[in-house]
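Listed below, chain by chain, are the residues.
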Amino acid sequence: MHSSPSTVPPSSSCTLAPAVHPSGLKTSLRLYGLVRILGSSDIPARAPVEILCTPCGNGNAIQAFVSRLDAELVARSMPTSGYRAIPLAQFDPTDVIHAHQGWLSVFLCCGLSSQRGSLCLANGGLPSLGWFVHAQTGPWTPGRFLHWGEEVAQTLLDAYRSVGMPNYNAWLNQLDDYSCHAMDDCTELAWQALKACSAPQENHRAMYNPMDECWRFSDAPIDLYYPL
């Protein structure tokens, strides 16, 4: 398993797969992805879905959000796309892995990247900041569990520290248990704060602080070739 850092805007690159399945992408991090239903079915478990990906080499990497809030915000920035946030534990990566000859690539999203004084791109999208992580998994089977390792955990901790919130993971754990109504309220507060904030010029990491309801930025730009 290896990783490399980068920043990417939301991408329209998608991969077909069944929706909810016992072989969901269960990992040592509770991650979220953005999916939309294909066809006319209103029952996600019975309909194929598209999952938001970003180009990576000759294939695609699943956009995997560490924060449920970040996933909801990116979905909100694409109001006509039909994407909604789900835990990746509900997404079966079998077709993705098969299409990449036994490899699974994810873009592990952790916060947003400031761009020219804003957190929004010209088209209204939000530029996620994170790292490409690649794992050779072979065929995916029911009950499979992927451990990302201590390096990924430490990199995330360093990211939280870069914005002055070393205990950010504790809040993320609480966020996982929010009701839909509470999540909508939190997303609205973060969205309004996002539109009102003045961001540094380029590539500063931005993460939302729920305690004072504002966005926090890293003191210096993030080096896109090294995590911090």
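What you see is a predicted model, and the numbers here were worked out from it, not measured in a lab.

Once that is clear, we can look at the overall build of the protein. Check the secondary structure of the protein and you find 5 helices and 12 strands. Relative to its full complement of 228 residues, the protein shows a buried share of 52%. In the protein, the share of contacts with a sequence separation of at least 24, taken over all contacts with a separation of at least 6, comes to 75%.

Compared with the 18 Å implied by 1.5 Å per residue over 13 residues, the 18 Å span of helix 3 (residues 150-162) between its first and last C-alpha is a close match. If you follow the buried residues of helix 3, they end up packed against strand 8 (103-115), strand 9 (128-136), helix 4 (168-175), strand 11 (202-209) and strand 12 (214-217). Two residues or fewer after helix 3 comes glycine 164, characterised by a positive phi angle close to 80 degrees.

With that out of the way, let us pick up the packing of aromatic side chains. Summed over the entire model, instances satisfying the criterion amount to 4 aromatic pairs. Residues tyrosine 160 and tyrosine 168 carry aromatic rings whose centres are separated by 5.3 Å and whose planes lie at 50 degrees to one another, so their mutual orientation is tilted. Relative to tryptophan 171, the ring of tyrosine 168 has its centre 5.6 Å away and its plane inclined at 45 degrees; by these criteria the two rings are tilted. Of the two residues, tyrosine 168 and tryptophan 171 are both situated in helix 4; the distance of 3 residues between them amounts to about one turn of the helix. Like tyrosine 168, the residue tryptophan 171 is buried in the burial classification. An aromatic cluster of at least three residues, connected via ring pairs, comprises Tyr160, Tyr168 and Trp171.

Our focus in this paragraph is the nonpolar core. Within the largest apolar cluster, 66 residues are counted, with the highest numbers of intra-cluster contacts made by Leu34, Ile62, Leu69, Phe91 and Trp215. Element by element, the count of residues in this core is highest for strand 8, at 7 residues. Once residues lying within four places of it in the same chain are set aside, the contact partners of leucine 69 are Trp171, Leu175, Met183, Cys186, Thr187, Ala190 and Tyr208.

Right, let's get into helix 5 (residues 180-196). For helix 5, spanning 17 residues, the distance from its first C-alpha to its last is 24 Å, which sits close to the expected 24 Å at 1.5 Å a residue. Within helix 5 the residues assigned to the buried category are Met183, Cys186, Thr187, Ala190, Trp191, Ala193 and Leu194. Seen end-on, helix 5 carries its buried residues on one side only, within an arc spanning 165 degrees. Those residues of helix 5 that are exposed and angled more than 90 degrees off the buried face are His181, Lys195 and Ala196. In this fold, the buried residues of helix 5 make contact with helix 1 (68-76), strand 8, helix 4, strand 11 and strand 12.

Attention now goes to the confidence of the model for the protein. Overall, the predicted model of the protein reaches an average pLDDT of 85, with 84% of residues at or above 70. Here strand 2 (residues 14-18) stands out as the element of the protein with the lowest mean pLDDT, 44, in contrast to helix 1, whose mean of 97 is the highest. Throughout residues 12-20 the model reports pLDDT below 50, and contacts reaching past four residues in sequence, or to other chains, amount to 40 contacts.

Let's shift gears to the side chain of aspartate 92. With respect to the helices, strands and loops of the structure, aspartate 92 is situated in the loop between strand 7 (84-87) and helix 2 (94-99). Within the local environment of aspartate 92, its side chain forms a polar contact with the side chain of threonine 94, the two groups lying 2.6 Å apart.

What counts, and where the lines are drawn
- Residue numbers run consecutively from 1 along every chain, following the written order of its sequence.
- Given that the model is predicted, a residue must reach a pLDDT of at least 70 before its local features are reported, and side-chain atom pairs must reach 80 or more before they are shown or counted; all residues, however, enter totals for whole chains, interfaces and linings.
- Hydrogens and water molecules were not included; the side-chain quantities draw on all heavy atoms of the structure.
- The way it works is that DSSP assigns letters per residue, a run of H or I at least four long becomes a helix, a run of E at least two long becomes a strand, and they are numbered from the N terminus.
- Exposed residues in this analysis have more than 50% of their type's maximum accessible area, buried residues have under 20%, and partly exposed residues fall in between, with area computed by a 1.4 Å probe over protein chains only.
- Note on contacts: a residue pair qualifies if any of its non-hydrogen atoms lie within 4.5 Å across the two residues.
- Expected helix span is given by 1.5 Å per residue-to-residue step, counting one fewer step than there are residues.
- Note on aromatic pairs: the rings of Phe, Tyr and Trp (six-membered ring only in Trp) are paired at centre separations within 6.5 Å, and the planes decide the class, stacked below 30 degrees, edge-to-face beyond 60, tilted for the rest.
- Among buried residues, the Ala, Val, Leu, Ile, Met, Phe, Trp, Tyr and Cys ones that are joined through side-chain atoms within 4.5 Å form a nonpolar core.
- The directions considered for the arc run from the helix axis to the C-beta atoms.
- Per-residue confidence from the predictor is reported as pLDDT, a score between 0 and 100.
- Contacts described as polar in this section are N or O atom pairs within 3.5 Å, which, within protein, must combine one atom able to donate a hydrogen with one able to accept it, while residues neighboring in sequence count only if both atoms come from side chains.

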